[in-house]
Amino acid sequence: MPAITPTQLSALQKNLKNIRNICILAHVDHGKTTLSDSLLATNGIISSKMAGKVRYLDSREDEQERGITMESSAISLYFKLVRASTEGEGNVASEFLINLIDSPGHVDFSSEVSTASRLCDGGLVLVDVVEGVCTQTISVLRQAWIDKVKPILVFNKMDRLIVELKLTPQEAYLHLIRILEQVNAIMATFFTGDLMEDEARKVEAEKQNEDWHGEERDDSDIYFDPSKGNVIFASAVDGWAFRIQQFASIYFKKLGFKESVLQQCLWGDYYFDAKAKRVIQHKHLKGRNMKPMFVQFVLDNIWAVYDSVVVQQNRERTEKIVNSLNIKVLPRDLRSRDTQTLLTAIFSQWLPLSTCVLLAIIGQLPPPVEAQRIRIPKMLYPDVQQNDNEPLKPTNDVETALYACDASENAPVVAYVSKMFAVPADLLPENRRKQMTAEEMRERGRRQRALRAALEDKTNNEDNGVPLDSETIAQLQAEADREKEEEERKAKEEIKGERIIGFSRLYSGTIRVGQKLYVLGPKYDSRYPDQHCSEIKVESLYLIMGRELEALPEVSAGNVFGIGGLEGHILKNGTLVSTKEHVSNMAGVRMEASPIVRVALEPADAADMDRLVEGLRLLNQADPCVEVLLQETGEHVILTAGELHLERCLRDLKERFAKIDIHVSPPIVPFRECIVGADLPPAKDTENGQIPRGMQEIQSSSKNITLKVRTVPLPELVTEFLNQHTSTIKSIVEQKSVKKAVDEDDLLQQVTLDAGEKVLSPEEFQSILREKFSEAQKQGGPLAPLWENIVDQIWSFGPRRIGPNILVNRIPGYIRKPFFQIEKTGNKSESDVRDDHADEVLEVQQQNDSEEALGILDVDFPVHTGFQLSTLAGPLCAEPVQGVCYIVHGLEIHQEESDSADVRSKLALIQGKVISAMKEACRQGFLDWSPRLFLAMYKCDIQASAEVLGRVYGVISKRKGKIVSEDLKDGTPFWQIHALLPVIESFGFSDEIRKRTSGAASPQLVFSGFEMLDEDPFWVPTTEEELEDLGEKADKENLAKKYMDTVRKRKGMFVEKKLIEHAEKQRTLKK
Ligand SMILES: Nc1nc2c(ncn2[C@@H]2O[C@H](COP(=O)(O)OP(=O)(O)OP(=O)(O)O)[C@@H](O)[C@H]2O)c(=O)[nH]1
Ligand SMILES: [Mg+2]
């Protein structure tokens, strides 16, 4: 039971100054959940003896089994701070409410981190001092930076430096300095990144002759520095933590300094000259061998405790230390053989983790009022330069309320729902079984006693041969039975199913149960107030207490809470508002990890299909990252961020959402198709002379049109550029197609875009693209002349209009509008904008004289469509094509084939044939070159000690991975390995590594993009040498072919197979 009642908590919710909303962030396994245990113990939610062992916030069964957090969970904590009053005697107590969110560290769940940090004003960033800064450490720091979440750095697992690495205090100090430098270097990169953006804005403003209002940024307060109080040293398992401030307050009198002075020199290059009673710097040491003050006054003490308790297990010395620290340890604990108990007993009094962390949170992290002033403008206007010291001024009443975190009655309600989560319905407070009141219990006890007495009476009387009062007994018995039945019935009636609760933060106003609010979806745009918007009634409000929820009648601004009644209105995130005036959408969260692992699902029993569909609907809602699709083939497909995420989703589906057995297809991994021309001659000899490679001339089967298309590979640097700027192309296409067909829009929506990609303006994009092509021209090669002027002739990008392939128009006498020229649609009437894109043509030399005859404009769009289709599904295994340029050199119309009246009536048919002809031309042109497959790759980070290094390499190479780098981590015996691993080979990789190294190494896999597999899937040995090396059948496995065939087989496409493997043998058998 919490030490404080929900009523008290909701009173606390109103005291804005004393609220802190914080999250715990770190790389996987750096101790987040363990640390939060200690904080929970202060509220009596778990016993302090068990803190660090139960990992209470890992409430799922699989989280406990694997020891990995998979969902972020929140808890509200109460903290009372008693301070000596500044004026005169007596103490002042202040009460604080801390809403804490524990987030997962595994990359598969990085979306949970972004949903958590959005709701918080501050964060604890943990670093395991042995592993140091890891990949996720960097990304959580970046997330905090983007969301303007103020961080505190926690050096966790300090005990490992002593017990495992056996460092001396001096060595440990140097080690810590190094990690701190690394973390600060990362902060500096974010800062310079912002500076560069400012610079770009300034240039832009100057270009347009606007005044530049930007101010100089100041980076002094973004760094971590123990003397500023934003660095904590901790050991979450042993339950201790300190900031140097604590030691300063212990020592300042003894050493005769001011406390504030000592605070400044307890960390850094300062030494204490005991004789002169002075602090000196390194240069004044004059060869004396002295320890830095941090070592002398802080680390040495802690090392001494570990030394006597754990290493030497010397009871006398321990007792001495206990006495000198002036703390009391039970004799039982002192005698205990379990060193852990003794350690905890000492540290929980000397340097209690919870007090230190809570004080740091209260002292360093801003309350909602302060935080919102800076965070909200950034959320509303992410593209405007902002200075934390002088945040933007509100421009209307809603913004005023938001910036000030106005909790008053008439302030507009604005809340942000960052994710939806599922709770078993029987855990909701309204469904929980009521506890019996004391009165009821007494009454029940009385009746039971009466019954027992009557029964005893009966037996006694039987012995004595006295007739019994059977009626009374039967009556009592029946009553007891009825009661029992009643209870059972109630228990059975337990509410089944799952409820979806919104995980939210209220930024302004007060919400009450029963209130009506508008829900704005992520696509809501204040210019179209009726779209993506609906109205709901608040069904319930909850205080989130880990796995339990407490019902609340109302919530006021500045708090994190749960809300019921959003089912069917919000899918993953959204904004809740009480008025539609002046509000804007806060829901535009960017995806950190794009889901890459895709599986098809079907129920084990076909009759359960409905339940699967329902389960998938719930899953889609309850998980911020999963994507659920119904494919054209009728297959249900889910996309997940990785293997572990997939596992969790399946478990949830099977056990909670669908409650059925499910068959899962092997994971489907995407490929890309591409061509290279390295060792092929640039032109082919045919009967009619030379034809350039990739050139195809194809007549449509309706015979109306002949297309001449040349397919060539794009220069690598161009492909790379296009791949990096998908969202720029998307935004250009969107600007071009405003008001055009709606379904196109949806096509674009299906593409998940990378986070962190900067959207360029069309002009910028065009000029960089030009540079890239001219660079490619300079590099020379047989294709170089093709790149001349190509940017002006771009017709389209594909597939889906935004992919990394280009369609180029070089039809003589046919000029289209430059792709990058965007008309302001304002002065164009809607009828001018045509679906078929003919409005983008500038000049046509019409060869025909009659209006009716087939013209080039009629087939413009079909040619474009043919290109889009053929790049969406390439010739190898119908996967998307990348890095290919299709140049339309000619489009000849054969008027004689059809009379003009006929053409108009059959236009649709003819257009269809043109699409197929274009597709065929692209396909054949593609196959004229040497095709290649691109594999989706994972970037893989592993830390391993030298002993298991060999095994790790073994597993990586078995799975066709590549080592990119390997370094010995400074000051530790660990190697840091970076490798690339094909996604298709990665299933079971983590488990295999863990097994082979007995758990000593565990990899982190992050999707890193596509990489070419340099092998032609159609290659067979032809020269004599190759035949000699490989034999006629080329028994050496062609990996590209293997992958290609796997995909073809899965898609039900034709797979070329050798039917007879051992023909010779069969012949011998026949004889
Ligand atoms: N030696 C030592 N081990 C610790 C400390 N803190 C945590 N651990 C251990 O580290 C492991 C991971 O701890 P967790 O708290 O689950 O880590 P986490 O950061 O919550 O992990 P994820 O949520 O999965 O990212 C557990 O085995 C803990 O016992 C510490 O201070 N010292
Ligand atoms: Mg955890």
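Because the structure is a prediction, the values reported are computed rather than measured. (Residues numbered from 1 in each chain as written. Chains lettered and ligands numbered in written order. Predicted model: local features only at pLDDT ≥ 70, side-chain atom pairs only at ≥ 80, totals over all residues. Heavy atoms only, no water.)

A.B. asks: So what's going on with the overall build of the chain? Residues and values would help.
C.D. replies: Helix and strand counts for the chain come out as 32 helices and 37 strands. In the chain, buried positions account for 50% of the 1071 residues. Once local pairs closer than 6 in sequence are excluded, the contacts in the chain between residues at least 24 apart make up 74%. For the chain, the exposed area adds up to about 52500 Å²; of that, 50% sits on carbon and sulfur atoms. (Helix = DSSP H or I, 4+ residues; strand = E, 2+ residues; numbered from the N terminus. Buried < 20%, exposed > 50% of the residue type's maximum accessible area, 1.4 Å probe, protein only. Contact = heavy atoms within 4.5 Å. Areas by Shrake-Rupley, 256 points an atom, 1.4 Å probe, with all protein chains shown as cover.)

A.B. asks: I'd like a rundown of the pairing of strand E28 (residues 705-713), residues and numbers included.
C.D. replies: Summarising burial for E28: eight of the nine residues are buried, a large majority. Of the pairings in the sheet, the one linking strand E27 (residues 695-699) to E28 comprises five bridges and is antiparallel in character. When the sheet's bridge partners are listed, Met-695 is paired in E28 with Arg-710. Taking the residues between adjacent antiparallel strands as the criterion, E27 and E28 are bridged by five residues, where Lys-703 takes a positive phi near 70°. Sheet analysis places E28 next to strand E33 (residues 884-893), joined by nine bridges and oriented antiparallel. (Pairing = 2+ DSSP bridges.)

A.B. asks: So what's going on with the site of ligand 1? Which residues, and what values?
C.D. replies: Taken together, 19 residues sit near ligand 1, with Lys-32, Thr-33, Thr-34, Thr-69 and Asp-159 positioned nearest. Between ligand 1 and Asp-29, the relevant distance is 3.1 Å, taken from an oxygen atom to a main-chain nitrogen or oxygen of the residue. The separation between an oxygen atom of ligand 1 and a polar main-chain atom of His-30 is 3.3 Å. Contact with the protein chains removes 84% of the 650 Å² of surface that ligand 1 exposes when unbound. Looking at the shell around ligand 1, the elements with two or more residues in it are helix H2 (32-42) and helix H6 (158-163). For the shell around ligand 1, the element with the most residues is H2, which contributes three residues. (Near = heavy atom within 4 Å. Polar contact = N/O pair within 3.5 Å; in protein donor to acceptor, adjacent residues only side chain to side chain.)

A.B. asks: Can you explain the sheet that holds strand E30 (residues 805-809)? Please cite residues and give values.
C.D. replies: In spatial order, the strands read E27-E28-E33-E30-E29; together these five strands make up an open sheet with mixed pairing. The outermost strands of the open sheet, each flanked by one partner alone, are E27 and strand E29 (794-798). Geometrically, the sheet is characterised by an average inter-axis angle of 25° between neighbouring strands, direction not taken into account. Here helix H27 (residues 907-927) sits on the sheet in contact with E27, E28, E30 and E33, set at roughly 35° to E28. (Axes fitted to C-alpha atoms, helices over the stretch in contact; angles between N-to-C directions.)

A.B. asks: Tell me what's going on with the coordination of the magnesium ion (ligand 2), and back it up with residues and numbers.
C.D. replies: With distances of 1.8 to 1.9 Å, the protein atoms coordinating the magnesium ion (ligand 2) are Thr-33 (OG1) and Thr-69 (OG1). Note that Thr-33 is positioned in helix H2 and Thr-69 in the loop between helix H3 (61-66) and strand E2 (73-84), a separation of 36 residues in sequence. Residue Thr-33 is classed as buried on the basis of its relative accessible area of 6%. Exposure remark for Thr-69: the relative accessible area of 8% places this residue in the buried category. (Donors = N, O, S within 2.8 Å, 3.2 Å for Na, K, Ca; no water.)

A.B. asks: Please provide a residue-by-residue account of the pattern of salt bridges, values included.
C.D. replies: If you walk through the whole model with that rule in mind, you get 35 salt bridges. Of the charged contacts in the structure, one is a salt bridge between Glu-554 and Lys-14, with a shortest N-O distance of 2.9 Å. Residue Glu-554 is found in strand E17 (residues 554-556), and its partner Lys-14 is found in the loop between helix H1 (6-12) and strand E1 (19-26); the two are separated by 540 residues along the sequence. Here Asp-128 makes a salt bridge to Arg-160, at a shortest N to O gap of 2.9 Å. With Asp-128 in strand E4 (residues 122-128) and Arg-160 in helix H6, this pair connects stretches of sequence that are 32 residues apart. (Salt bridge = Lys/Arg side-chain N within 4 Å of Asp/Glu carboxyl O.)

A.B. asks: Mind laying out the environment of Glu-697, listing which residues take part and the relevant values?
C.D. replies: Among the structural elements, Glu-697 can be located in strand E27. Using a relative accessible area of 57% as the deciding quantity, one classes Glu-697 as exposed. Put simply, Glu-697 and His-889 are 192 residues apart on the chain and 9.5 Å apart in space, counted from C-alpha to C-alpha.

A.B. asks: Before we move on, could you go through the sheet that holds strand E23 (residues 662-664) and cite the residues and values that matter?
C.D. replies: Pairing is antiparallel across the open sheet formed by four strands, whose spatial order is E21-E22-E20-E23. Both edges of this open sheet fall to strand E21 (627-630) and E23, since each of them pairs with a single strand only. Averaged over all pairs of adjacent strands, the angle between strand axes in this sheet comes to 30°, irrespective of strand direction. Of the strand pairs in this sheet, E21 and strand E22 (residues 636-640) are connected by four bridges, and their pairing is antiparallel.

A.B. asks: Which residues make up the packing of helix H8 (residues 244-255) against helix H10 (residues 293-311), and what values do they have?
C.D. replies: Here H8 crosses H10 at 120°, and the two axes come no closer than 11 Å. Classified by chirality, the crossing of H10 by H8 is right-handed. Facing H8, whose interface residues are Ile-244, Phe-247, Tyr-251 and Leu-255, H10 presents Phe-294, Phe-297, Val-298 and Asn-301. A breakdown of the residues in the contact of H8 with H10 according to their chemical character gives seven nonpolar, one polar and no charged. (Left-handed = near helix turned anticlockwise from the far one by under 90°. Nonpolar A, V, L, I, M, F, W, Y, C, P; charged D, E, K, R; others polar.)

A.B. asks: Describe in detail the packing of aromatic side chains, supporting the description with residues and values.
C.D. replies: Enumeration according to the criterion identifies 28 aromatic pairs in this entry. Relative to Phe-190, the ring of Trp-145 has its centre 5.9 Å away and its plane inclined at 40°; by these criteria the two rings are tilted. Here the residue Trp-145 occupies a position in helix H5 (residues 135-146), and Phe-190 occupies one in helix H7 (residues 169-207), the gap between them amounting to 45 residues. By relative accessible area, Phe-190 is classed as buried at 9%. Aromatic pair Phe-242 and Phe-247: ring centres 5.1 Å apart, planes at 85°, arrangement edge-to-face. The pair formed by Phe-242 and Phe-247 is uniform in burial state, with each residue classed as buried. Ring pairing ties together the aromatic residues Phe-155, Tyr-173, Phe-233, Trp-240, Phe-242, Phe-247, Trp-267, Phe-294, Tyr-306, Phe-347 and Trp-350, which thus form one cluster. (Phe/Tyr/Trp six-rings, centres within 6.5 Å; stacked < 30°, edge-to-face > 60°.)

A.B. asks: Give me unusual backbone geometry: which residues, what numbers.
C.D. replies: Here the amide bond leading from Gly-798 into Pro-799 is cis, since omega sits at -5°, within 30 degrees of zero. Take Pro-799: it is sitting in the loop between E29 and E30. Unlike most non-glycine residues, Gln-313 shows phi in positive territory, near 50°. Looking at the element boundaries, Gln-313 is found in the loop between H10 and helix H11 (315-324). For Asn-789, which is not glycine, the phi dihedral falls at a positive 55°. Mapped onto the secondary structure, Asn-789 falls in the loop between helix H24 (762-779) and E29.

A.B. asks: So what about helix H22 (residues 726-736)? Which residues, and what values?
C.D. replies: Every α-helical turn comprises 3.6 residues, leaving residues that sit three or four positions apart pointing alike. Of all 11 residues making up H22, nine are buried, and the element is well covered by its neighbours. All of the buried residues in H22 are Thr-726, Ser-727, Thr-728, Ile-729, Lys-730, Ser-731, Ile-732, Val-733 and Lys-736.

A.B. asks: Describe H11, with residues and values.
C.D. replies: For H11, the full list of buried residues reads Thr-318, Ile-321 and Val-322. Seen along its axis, H11 keeps its buried residues to an arc of 100°; they face one direction. Exposed side chains of H11 directed beyond 90 degrees from the buried face belong to Glu-316, Lys-320, Asn-323 and Ser-324. Buried residues in H11 make contact with H10, helix H12 (331-335) and helix H13 (339-350). Looking at where H11 begins, the residue whose side-chain oxygen comes 3.1 Å from the main-chain nitrogen of Glu-316 is Asn-314. (Arc of directions from axis to C-beta.)

A.B. asks: Summarise the nonpolar core; cite the residues concerned and give the values.
C.D. replies: Of all hydrophobic cores here, the largest spans 103 residues; its most connected members are Leu-124, Leu-576 and Ile-942. For this core, the element with the most residues is helix H14 (residues 353-364), which contributes seven residues. Leu-119, Val-133, Phe-224 and Met-293 belong to the second-largest nonpolar core, a separate cluster that totals 100 residues. (Core = buried A, V, L, I, M, F, W, Y, C linked by side-chain atoms within 4.5 Å.)

A.B. asks: Tell me about the environment of Phe-297, residues and numbers included.
C.D. replies: Along the polypeptide, Phe-297 turns up in helix H10. Sequence separation of Phe-297 and Phe-272 is 25 residues, and the distance between their C-alpha atoms is 9.6 Å. Residue contacts for Phe-297: discarding those within four places in its chain leaves Phe-247, Tyr-251, Leu-255, Leu-266 and Phe-272.

A.B. asks: A description of the side chain of Thr-137 should follow, citing residues and the corresponding values.
C.D. replies: If you trace the backbone, Thr-137 turns up in helix H5. Residues contacting Thr-137, with those up to four places away along its chain left out, are His-27, His-30, Val-127 and Gly-132.

A.B. asks: Account for the confidence of the model for the chain, naming residues and giving values.
C.D. replies: Should pLDDT be low for a region, the predicted coordinates there are not to be read in detail. Taken residue by residue, the chain gives an average pLDDT of 81. The fraction at 70 or more is 84%. Helix H23 (residues 742-749) is the least confidently modelled element of the chain, averaging 41 in pLDDT, while strand E5 (residues 150-156) averages 95, the highest of any element. (pLDDT = per-residue confidence, 0-100.)

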